[in-house]
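Close look at the chain arrangement
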Amino acid sequence: MENRGFKVRALGEIAIRCRDKKAMMKFYGEVIGLEHLAGDVDDRVTFFRIAEGFGGHTSVLALFRPDSETNGTDTVEDQLPETGAGSSLHHIALSLPYEEQQAVMEWYEKINQDYRVQLFDWIGWRGIFTRDPDGNTVELVAYDPKWSAS
């Protein structure tokens with residue numbers, strides 16, 4: 001492989017153009033527990049902290065109004081984004097410690113949030129999958145420290 005002179009170090013942002021921004025803000029703030037950084041439901045964009053990030057750029061989730069620009073140049077009128085199985089987004093995976101996954105499942109059960117658990121034996125991961133209000137799949141994934149490739 002050719003040396004490009006650069007190497008990506010971390011994810012900086014996940015940006016979602018929402019069908020129901022108010023419900024999405026409640027889900028990511030109250031259900032998933034991300035810290036609200038800036039923006040309200042009527043603002044073009046609202047930011048939530050995912051993690052500290054890299055090089056001074058906090059890793060964030062950005063929730064955009066459905067009428068926001070799509071790529072910085074194109075605008076959309078009253079067109080709602082495609083979500084769920086019709087979207088090009090497969091899922092969002094957020095990492096946490098394996099020891100906290102039991103608390104995730106207990107929390108989801110307490111608030112009646114549907115979820116499923118999937119083991120990825122080939123790499124030692126366990127994912128807890130649910131859906132946000134727009135129908136996007138959200139995974140809380142962790143590495144099992146007891147996993148062995150043997």
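Burial analysis of strand S4 (residues 57–64) places six of its eight residues in the buried class, the great majority of the element. The pairing of strand S1 (residues 13–17) with S4 spans five bridges and is parallel. Each residue of the ladder has a partner; that of Ala15, found in S4, is Ala62. Both strand S3 (residues 45–54) and S4 contribute to a ladder of seven bridges, which runs antiparallel. The partner of Phe48 across the bridge, within S4, is Leu61.

The strand order S5-S8-S7-S6 describes an open sheet built from four strands, whose pairing is mixed. On the outer flanks of this sheet lie strand S5 (92–95) and strand S6 (116–120), each paired with one strand and no other. Mean inter-strand twist for the sheet, computed between neighbouring axes without regard to direction, equals 25 degrees. Examined bridge by bridge, S5 and strand S8 (residues 137–143) share four bridges and lie parallel to one another. Residue Ala93 lies in a different strand from S8, and its bridge partner there is Glu139. Contacting S6, strand S7 (125–131) and S8, helix H2 (residues 101–110) runs over the sheet at an angle of about 20 degrees to S7.

Basis of the calculations
Residues numbered from 1 in each chain as written. Predicted model: local features only at pLDDT ≥ 70, side-chain atom pairs only at ≥ 80, totals over all residues. Heavy atoms only, no water. Buried < 20%, exposed > 50% of the residue type's maximum accessible area, 1.4 Å probe, protein only. Helix = DSSP H or I, 4+ residues; strand = E, 2+ residues; numbered from the N terminus. Pairing = 2+ DSSP bridges. Axes fitted to C-alpha atoms, helices over the stretch in contact; angles between N-to-C directions. Contact = heavy atoms within 4.5 Å.

Spatial relationships are all this shows, so hold off on functional conclusions.
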